[in-house]
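Notes for the structure review
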Amino acid sequence: MGVCERNALVAQRRWTRVHDLEHARIRTDEQAMCMKAALCGFLAGDGRVTHQNNNGVHHWALGIFPDDMMMLSMCVHILESVYAKTPYITKKNKFHLLQLTSRVVVEDLQEIGTYDTHGWRIPEWIMNDKLCLISWIKGFFSAEAYVGHKTIRVQTVNQKGMSQLSRALSSLSIKHNCHTYQPRQKTYSTVYIIIIAREAERSKYARQIGFWHEKKTRALNKALHSKTNA
């Protein structure tokens, strides 16, 4: 074995030990799994988890785009509490960009969920655990929902994911309506929409789930306490 091969083997073994230690630090207790579920919701709503292989050079990265300080703080708290990792944060025009480069975190997240726009799903381990499910919905709605005077609305181009979300809301006894919208341009994807409209259901959503998003929380509370709210 030549010097270069030997040095490469030593480096590989060193990184393997480092990754093993990082894996061992990942929390798996009940509270941590609820936080992981919330992170999965944030990522499905407004994030990305990527692994790129460019001619043998690997790059693992996580990115989230919070537009509210409460959401940003929660994302940071989860990464620090569950993975012992502190993300890099930059300020954009109307949002922050939260970034983390970590093979261990990306591999762990890819093992437990999917996150791309057309392919995100609510993992079965989350669907089967009420507390984790509430955390996932809270994370997803914090990232994706619109809160109006008489509605809470989410819309995506992901039919299967939205079908799961509808079943999830029904399992929590939150009544809602499902709609589709087909843009006039045929090249545009069909949009799938979930609307929580009745005041009693929005109130139930606020009590059971809520947001990690100060502006949306304030908007929902204002709507529910408005004298003109139907």
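Here the residue numbering is sequential within each chain, running from 1 through the sequence in written order. Only residues with pLDDT of at least 70 are given local features in this predicted model, and only at 80 or more are side-chain atom pairs given and counted; all residues enter the totals for whole chains, interfaces and linings. Just so you know, side-chain values use all the structure's heavy atoms and leave hydrogens and water out.

**As for the overall build of the protein**
- Summing up its helical and strand segments, the protein has nine helices and eight strands in all.
- Between buried and exposed lies partly exposed: a residue is buried under 20% and exposed over 50% of the maximum accessible area for its type, with that area taken using a 1.4 Å probe on protein chains only. Taking all 230 residues of the protein together, the buried fraction comes to 46%.
- Nonlocal contacts in the protein, meaning residues at least 24 apart in sequence, comprise 66% of its contacts between residues at least 6 apart.
- For the protein, the exposed area adds up to about 12900 Å²; of that, 51% sits on carbon and sulfur atoms. Numbering of helices and strands runs from the N terminus; a helix is a DSSP stretch of H or I covering at least four residues, while a strand is a stretch of E covering at least two. For this analysis, residues touch if any pair of their heavy atoms sits within 4.5 Å. Here, Shrake-Rupley sampling with a 1.4 Å probe gives the accessible areas, and only protein chains in the shown set may cover a residue.

**Thoughts on helix 6 (residues 130–144)**
- When the terminal C-alpha atoms of helix 6 are compared, their 21 Å separation across 15 residues agrees well with the 21 Å that a helix rising 1.5 Å per residue should span.
- Within helix 6, 12 of the 15 residues are buried, which leaves the element mostly enclosed by the surrounding structure.
- Those residues of helix 6 not exposed but buried are Cys-132, Leu-133, Ile-134, Ser-135, Trp-136, Ile-137, Lys-138, Gly-139, Phe-140, Phe-141, Ser-142 and Ala-143.
- Each polar contact in these results corresponds to two N or O atoms within 3.5 Å; when the atoms are within protein, one needs to be able to donate a hydrogen and the other to accept it, and residues that are neighboring in sequence are counted only if both atoms are side-chain atoms. At the N-terminal boundary of helix 6, the capping side chain belongs to Asp-129, with an oxygen 3.1 Å from the backbone nitrogen of Leu-131. Every helix has an expected span of 1.5 Å times one less than the residues it contains.

**Some words on the sheet that holds strand 3 (residues 88–91)**
- In this description, strands pair whenever DSSP reports at least two bridges between them. Read across the open sheet, the four strands follow the order 1-2-4-3; overall the sheet is antiparallel. Strands with a single pairing partner mark the edges of an open sheet, and in this sheet they are strand 1 (47–54) and strand 3. Adjacent strand axes in the sheet meet at a mean angle of 20 degrees, parallel and antiparallel pairs treated alike.
- Strand direction decides the pairing type here: strand 3 and strand 4 (residues 96–100), joined by four bridges, are antiparallel. Directly across from Thr-90, in strand 4, lies its bridge partner Leu-97.
- Its contacts with the sheet put helix 3 (residues 69–83) on strand 2 (57–64), strand 3 and strand 4, and the angle it makes with strand 4 is roughly 10 degrees. Interaxial angles span 0 to 180 degrees and are taken between N-to-C directions of axes, which are lines fitted to C-alpha atoms, for helices over the stretch in contact.

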